[in-house]
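One-letter residues, chain by chain:
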Amino acid sequence: MLMKPSWKVLFAIGIAVSTKPLVTTLIWLKQAPADDYIGNIPLLSTEQLVPHVNGKNALFVGGTRGVGMGTALALYRAGAHVTIVGRSEHSGAKAIATIQYLSPYTPTSTPGSINFMQGDIGTICTSMKLIEQLSASPTSYDFAVVSAATFPDWTKPLQNVDGLDKSFAIAVMGRFLVYRNAHRFMNKHARIINVLASGEKLPVELFDKEIASGERNVTGLLEAMMTFAVGNEIMMDGLYTYDNRYASKDYFTMVSTHPGLLQTDLHRGQGFLFDMLETAMTTIAGTTEEDVGVLQSSILVSKQVHLNELSFVDSFGYGRVHDIKMKDMIEENSSWLWEMLTKLEKISSQCHAV
């Protein structure tokens, strides 16, 4: 027999739902300083996306669920040729079926094509295997959305075979390898969205170098989240500081974004209190995969972002810049993290047998 929720839980949810404007305001106050050059990026309808993406190739690393699938849906509807990358053939087939079901033909837009490629950026060698697959394909991509990420699974080992925290490995190491090798499978002036935690004032003091380097295991959810989120920000800045292709400002247009509160179960399994709180928060101010896909696709094609450079856009579609604390954190850790990542990158030459 199912247990009925207590009156306290129902009361808390009722209060939460009734205070949606307050929650939205609190989220807004967490945003980093504004980038007035970008301003607010308007949302585009499918018909407005068509001239930008119709007939073009779009890659989604982490596209079987969440923001990746939502953005793949938006581009597919507008006529793009979509490739979804994910770890599971089953999840890939399910995502494709969902996207096709939600994409009827209309007089003003015709869906593109969609296919699945099995791949994983959770370790150095699986990342390189995916990169080799993409490089061997005749397809050259015009757009890429990288949203693959994971929270700690406390029931399993927290580090991967490379000795890195699994969450950090995907959000920082795996993405680093994809971006460093993107010239092998993307057009020169392609556009890339890095979806993680940009645009907010992050509690950077929770970033832990020992977790990032694999010297110790993560012990709590917040330090795990901030280590991979802040690490991603430092890594992205490093691309435009140390990598000659990106630093030339004649390369990709990259935008690092934040998905906001997404109505998904991707983050479940972090304990009863966290799961209940997230459920309440997403009920209050959460957005659907479809809605967040509209925002991310609008950002992807926007002329308001910094062309051939790195931009930051928050979950409301506003351009942002790093706050003082993040700037100091990047300055303090940029060279250290870049050195660590490039050392790990050299190991990839031993991955041919994967």
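Refer to the structure above for everything that follows.
Residue positions are counted from 1 within each chain, in the order its sequence is given. Restriction of local features to residues with pLDDT of at least 70 applies here, the model being predicted, together with a cutoff of 80 or more for giving and counting side-chain atom pairs; totals for whole chains, interfaces and linings are based on all residues. Hydrogens and waters are ignored; side-chain quantities use all the structure's heavy atoms.

Brief notes about the pairing of strand β7 (residues 310–313)
When a strand is regular, its side chains alternate between the sheet's two faces.
Argument step 1. Summary of the burial criterion: residues with accessible area below 20% of their type's maximum are buried, those above 50% are exposed, and those between are partly exposed, where the area comes from a 1.4 Å probe applied to protein chains only. Secondary structure elements are defined from DSSP: runs of H or I of at least 4 residues count as helices, runs of E of at least 2 residues count as strands, and each element is numbered from the N terminus. The two faces of β7 match: Leu310 and Phe312 on one face and Ser311 and Val313 on the other face are all buried.
Argument step 2. The pairing criterion for strands is at least two bridges between them, as found by DSSP. Where strand β6 (residues 253–257) lies against β7, 4 bridges are found, and the strand directions are parallel. Pairing of Val255 across the sheet is with Ser311, part of β7.
Argument step 3. Relative to strand β8 (residues 319–320), β7 runs antiparallel, the two sharing 2 bridges. Bridge pairing links Val313 to Gly319 in β8.
Argument step 4. In this structure, the hairpin formed by β7 and β8 is closed by a connection of 5 residues, where Gly317 is found at a positive phi of approximately 90°.

Quick word on the side chain of Asp243
Argument step 1. Along the chain, Asp243 falls in the loop between α9 (221–242) and α10 (244–247).
Argument step 2. Polar contacts, as used here, are pairs of N or O atoms within 3.5 Å; protein pairs need one atom able to donate a hydrogen and one able to accept it. Residues neighboring in sequence count only if both atoms are side-chain atoms. Of the polar contacts made by the side chain of Asp243, one reaches the side chain of Arg180; its length is 2.9 Å.
Argument step 3. Within the structure, the side chain of Asp243 is placed 2.9 Å from the backbone nitrogen of Arg245, a separation counted as a polar contact.
Argument step 4. Contacts: residue pairs with any heavy atoms within 4.5 Å of one another. For Asp243, the residues in contact, after removing those within four places along its chain, are Arg180, Gly238 and Trp338.

Comments concerning the pattern of salt bridges
Side chains bearing opposite charge may pair, as long as their charged atoms lie close to each other.
Argument step 1. Put simply, a salt bridge is a Lys or Arg side-chain nitrogen that is within 4 Å of an Asp or Glu carboxyl oxygen. Counting across every chain of the model gives 11 salt bridges.
Argument step 2. The partner of Arg180 in a salt bridge is Asp243, with the nearest N and O atoms 2.9 Å apart. Linking Arg180 in helix α7 (residues 166–180) with Asp243 in the loop between α9 and α10, this pair joins segments that are 63 residues apart in sequence.
Argument step 3. Between Asp250 and Lys188 there is a salt bridge; the shortest N-O distance is 3.0 Å. Of the two residues, Asp250 sits in the loop between α10 and β6 while Lys188 sits in strand β5 (residues 186–195), which places them 62 residues apart along the sequence.

A short note on the sheet that holds β7
Argument step 1. Judged by pairing direction, the sheet is mixed, and its 8 strands sit side by side in the order β3-β2-β1-β4-β5-β6-β7-β8 without closing on themselves. The open sheet terminates on both sides in strands that have one partner only, identified here as β3 (113–118) and β8.
Argument step 2. As defined by bridge partners, strand β4 (residues 141–146) adjoins β5 across 5 bridges and the pair is classed as parallel. Within β5, the position partnered with Tyr141 by the bridge is Met186.
Argument step 3. Axis geometry follows a simple rule: fit a line to the C-alpha atoms, using only the stretch in contact for helices, then measure angles between N-to-C directions, giving values from 0 to 180 degrees. With respect to the sheet, helix α12 (residues 289–301) is in contact with β4, β5, β6 and β7, its orientation differing from that of β5 by roughly 145°.

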